[in-house]
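Structural overview
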Amino acid sequence: QVQLVESGGGLVQPGGSLRLSCAASGSIRSINVMGWYRQAPGKERELVAAIISGGRTNYVDSVKGRFTISRDNAKNTVYLQMNSLKPEDTAVYYCSARSFSGMDYWGKGTLVTVSS
């Protein structure tokens, strides 16, 4: 089992920055991929960014050049640095982890609101 706890959400003005954190605990060594998803009101959940155990990263086109996913293995934490935020980035952001066996784990989510 893997437990995920997100933090760092909040209200920010357009053009501002936030950094989300996701602390993982439990069967850390079973994790292959960690990622951030988001779900805006009335929309489906979408993958924002992912980082694979070897370090390779993927981003949805709409955040490329603005968001950066990274991890600190010593702290078992994954980060999502979000810059140049836009109102359309407003959503609940969820941390996820996928094990090598294909099991998916989710955090409870943290709300990001981009508004003036």
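Presented here is a report on the structure given in the accompanying data block. Quick caveat: nothing in here was measured; it's all calculated off a predicted structure.

**Description of unusual backbone geometry**
If you check the backbone angles, N76 has positive phi at about 50° while not being a glycine. Following the sequence through the fold, N76 ends up in the loop between β7 (67–72) and β8 (77–82). You can call N76 partly exposed: its relative accessible area is 30%.

**Re the state of the cysteines**
Taken as a whole and assessed by the stated rule, the structure comprises 1 disulfide. Between the sulfur atoms of C22 and its disulfide partner C95 the distance amounts to 2.0 Å. Residues C22 and C95 share a disulfide whose torsion about the S-S bond is about -80°; that sign makes it left-handed. With C22 in strand β3 (residues 18–26) and C95 in strand β9 (residues 91–99), this residue pair connects regions lying 73 residues apart in the sequence.

**Notes on the packing of aromatic side chains**
Per the counting criterion, the structure on display carries 1 aromatic pair. If you follow R45 out to its NZ or CZ, it ends over the ring of Y94, 3.8 Å from the centre. Stacked on the ring of W106, the Lys or Arg R45 has its end atom at 4.7 Å from the ring centre.

**Let's talk about the environment of S17**
Counting through the fold element by element, S17 comes out in the loop between β2 (10–12) and β3. A relative accessible area of 40% places S17 in the partly exposed class. Residues S17 and F67 lie 50 residues apart in sequence; the distance between their C-alpha atoms is 9.5 Å. Sequence-distant contacts of S17, that is, excluding residues within four places in its chain, are made with V12, Q81, M82, N83, S84 and L85. Polar side-chain contacts of S17 include one of 2.9 Å to the side chain of N83.

**Some details on the side chain of E6**
Tracing the backbone through its elements, the reader meets E6 in strand β1 (residues 2–7). Of the side chains with opposite charge, R45 comes closest to the buried, unpaired E6, at an N-O distance of 7.7 Å. Within the structure, the side chain of E6 is placed 2.8 Å from the backbone nitrogen of C95, a separation counted as a polar contact. There is a polar contact of 2.9 Å between the side chain of E6 and the backbone nitrogen of G109. Contact partners of E6, with chain neighbours within four places excluded, come to S21, C22, W36, Y93, Y94, C95, G107, K108, G109 and T110.

**Details of the pattern of salt bridges**
Where side chains of opposite charge bring their charged atoms close, a pairing between them can arise. One pass over the structure, following the stated rule, counts 5 salt bridges. Ionic pairing is found between R38 and D89, a salt bridge with its closest N-O pair at 3.0 Å. With a gap of 51 residues between them, R38 in strand β4 (residues 31–39) and D89 in the loop between β8 and β9 connect regions that are remote in the sequence. Here R38 matches D89 in class, with each residue buried. For D89, the salt bridge identified is with R66, shortest N-O distance 2.8 Å. Note that D89 is positioned in the loop between β8 and β9 and R66 in the loop between β6 (57–59) and β7, a separation of 23 residues in sequence. For the pair D89 and R66, one class covers both residues: buried. Connected through salt bridges with shared partners, the residues R38, E46, R66 and D89 form a single ionic network.

Thresholds, definitions, all that
- All residue numbers refer to position in the chain's written sequence, counted from 1.
- With the structure being a predicted model, the display of local features is reserved for residues of pLDDT at least 70 and the display and counting of side-chain atom pairs for 80 or more, all residues being used for whole-chain, interface and lining totals.
- Where side-chain values are given, they derive from all heavy atoms of the structure, hydrogens and water being excluded.
- Every helix listed is a DSSP run of H or I at least four residues long, and every strand listed is a run of E at least two residues long, numbered separately from the N terminus.
- Throughout, exposure labels follow a simple rule: accessible area from a 1.4 Å probe, protein chains only, divided by the maximum for the residue type, with under 20% read as buried, over 50% as exposed, and the rest as partly exposed.
- Cysteine sulfurs are considered disulfide-paired once they come within 2.5 Å of each other.
- Pairing of aromatic side chains here covers Phe, Tyr and the six-membered ring of Trp, requires ring centres within 6.5 Å, and sorts the geometry by plane angle: under 30 degrees stacked, over 60 edge-to-face, intermediate tilted.
- Criterion for a charge above a ring: Arg CZ or Lys NZ at most 6 Å from the ring centre, at most 35 degrees from the ring normal.
- Residue contacts are defined here by distance: any two heavy atoms, one from each residue, within 4.5 Å place the two residues in contact.
- In protein, a polar contact requires one atom able to donate a hydrogen and another able to accept it; more generally it is a pair of N or O atoms within 3.5 Å, and residues adjacent in sequence count only if both atoms are side-chain atoms.
- Only four residue types enter the charge count: Lys and Arg as positive, Asp and Glu as negative, with His and the chain ends excluded.
- When a carboxyl oxygen of Asp or Glu is within 4 Å of a side-chain nitrogen of Lys or Arg, the pair counts as a salt bridge.

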